[in-house]
Amino acid sequence: MEAITRDFFLFLSKNHLLNNIAKKRGGSFAAGKIIGGTDFKSSIKFIRQLNDSGLSVTVDHLGEFVDSEAVTRERTAECIETIEMISREKLDSQVSLKMTSLGLDIDRKLVIENMTKILDTAERHGVMVTIDMEDEVRCQATLDIFKEFKAKYSCISTVLQAYLYRTERDLSDLADYQPFLRLVKGAYKESPEVAFPEKKDVDENYKKLIEQSLLNGNYTAIASHDDQIIEYTKMLAKKHHIPNSQFEFQMLYGMRSKTQLDLVKQGYKMRVYVPYGLDWYGYFMRRLAERPSNIAFAFKGMVKS
Ligand SMILES: Cc1cc2nc3c(=O)[nH]c(=O)nc-3n(C[C@H](O)[C@H](O)[C@H](O)COP(=O)(O)OP(=O)(O)OC[C@H]3O[C@@H](n4cnc5c(N)ncnc54)[C@H](O)[C@@H]3O)c2cc1C
């Protein structure tokens, strides 16, 4: 049943008609609940609220798999403006972005050009930029781009996914780069040829990667809503005397808000991933696919809006 519901929401997430309706309707019902707003400016008040309660933020302009060069350039200009606004408004926020939004599916040179402009600005303002990890077919290209930039810029980090068989090796390969890494379970539908099909194996691999990354000395973000993973990380840090300054927890905006604040009270760094933009519909459906119990929360939001 759970698998059917998941597939149903993943199917809906790709529905163009519903996506267009959602864009026209605007994100009023989702704003301040699961996204910041439909643009960065309208998200600032929510980011400030989070910052005021001790939570750090990373923002993500929704929209991936861009197939127009002009749109990638617009995305780049918008990202630069966002970094400048973060700095001007003195927000405690980083930026997350996807390589397909900067042209990974069009031309590698285009991504390098766009990323160089973004990272020049980010470095100037001291704002960290994290390259989100997309599906497995784009994993190698994404890691190659990360390595190329990591050699020149300090304000860059990326993501590794515990569901992929290859990740343990990727983490070892990155050891010399002293990377800032976000570790996640993985959000895409992958085949058993490349990813663990069973949740329990993903969870086990996730724990192994957290240990490997922390013992390697990497600054590590553990991005999960899973209590079991959070408790494991705390236990590991205690056991190996890893200071709280070497890791942080991350969760999505609107998910487990009380737990986020509890972690801050316990002295941990907690970063909230705040997406914004007109393309909120697909993001929302993917969150419902992950956790159908979010449906009740979603409908409550719709009725109120
Ligand atoms: C900050 C952030 C950034 C991410 N970036 C990427 C990325 O770049 N690439 C990528 O592929 N994926 C990314 N993801 C998504 C990630 O890969 C997972 O798909 C997603 O986080 C769900 O896995 P989970 O570890 O949270 O726990 P799950 O395995 O989904 O859930 C495990 C348990 O956690 C608890 N739980 C989960 N959600 C809730 C909730 N809302 N309320 C209460 N309890 C809950 C429940 O007990 C549940 O059984 C990111 C996730 C986060 C949080």
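In the nomenclature of an unreviewed UniProt entry, the protein chain corresponds to proline dehydrogenase from the organism Metabacillus indicus. As its UniProt record puts it under Pathway (unreviewed entry), the protein chain is described as follows: "Amino-acid degradation; L-proline degradation into L-glutamate; L-glutamate from L-proline: step 1/2." Word for word, the UniProt comment on the protein chain under Catalytic activity (unreviewed entry) is "L-proline + a quinone = (S)-1-pyrroline-5-carboxylate + a quinol + H(+)".

Draft legend 1. Geometry of the site of the ligand. With respect to spatial proximity, 23 residues lie near the ligand, and among them M133, K185, G186, S224 and H225 are the closest. One of the backbone N or O atoms of G186 is found 2.7 Å from an oxygen atom in the ligand. Side-chain polar atom of H225 to an oxygen atom of the ligand: 2.8 Å apart, as the coordinates give it. For the ligand, whose accessible area on its own is 950 Å², the fraction buried by protein is 82%. The element that contributes the greatest number of residues to the shell around the ligand is strand β7 (residues 247-252), accounting for three residues. Of the residues belonging to the shell around the ligand, the class tally is ten nonpolar, five polar and eight charged.

Draft legend 2. Highlighting the pairing of strand β5 (residues 180-184). Of all five residues that make up β5, four are buried, and the element is covered over most of its length. Here strand β4 (residues 156-161) runs beside β5; their pairing, made up of five bridges, is parallel. If you follow V159 over to β5, its bridge partner there is R182. Running through helix α7 (residues 167-173), the crossover from β4 to the neighbouring parallel element β5 is right-handed. Sheet topology places β5 next to strand β6 (residues 219-223); four bridges connect them, and they run parallel. The residue bridging R182 from the neighbouring strand is A221, located in β6. Handedness of the crossover is the feature at issue here: the chain leaves β5, passes through helix α8 (residues 199-215), returns alongside β6, and the resulting connection is right-handed.

Draft legend 3. Geometry of the sheet that holds β6. Spatially, eight strands are ordered β1-β2-β3-β4-β5-β6-β7-β8 in a closed barrel, and the strand pairing comes out parallel. Recorded for the sheet is a direction-independent mean angle of 30° between the axes of neighbouring strands. Summarising the sheet, strand β1 (residues 56-61) and strand β8 (residues 270-276) pair through six bridges and their orientation is parallel. By the bridge assignment, H61 is partnered in β8 with Y276.

Draft legend 4. Fine view of helix α9 (residues 227-239). With 13 residues, α9 should cover 18 Å at 1.5 Å per step; its first-to-last C-alpha distance of 18 Å lies within 8% of that length. Among the residues of α9, I229, I230, Y232, T233, K234, L236 and A237 are the ones counted as buried. Buried residues along α9 sit in contact with α8, β6, β7 and α10 (257-265). Capping the start of α9 is the job of one residue whose side-chain oxygen sits 3.1 Å from the backbone nitrogen of Q228: D226. After α9 finishes, the residue H241 shows a positive phi value of roughly 55°.

Cut-offs and rules
- Residues numbered from 1 in each chain as written.
- Predicted model: local features only at pLDDT ≥ 70, side-chain atom pairs only at ≥ 80, totals over all residues.
- Heavy atoms only, no water.
- UniProt positions renumbered as here; feature names shortened; annotations may be inferred.
- Near = heavy atom within 4 Å.
- Polar contact = N/O pair within 3.5 Å; in protein donor to acceptor, adjacent residues only side chain to side chain.
- Areas by Shrake-Rupley, 256 points an atom, 1.4 Å probe, with all protein chains shown as cover.
- Helix = DSSP H or I, 4+ residues; strand = E, 2+ residues; numbered from the N terminus.
- Nonpolar A, V, L, I, M, F, W, Y, C, P; charged D, E, K, R; others polar.
- Buried < 20%, exposed > 50% of the residue type's maximum accessible area, 1.4 Å probe, protein only.
- Pairing = 2+ DSSP bridges.
- Right-handed = clockwise from strand over helix to strand, strands pointing away.
- Axes fitted to C-alpha atoms, helices over the stretch in contact; angles between N-to-C directions.
- Expected span 1.5 Å × (residues − 1).
- Contact = heavy atoms within 4.5 Å.

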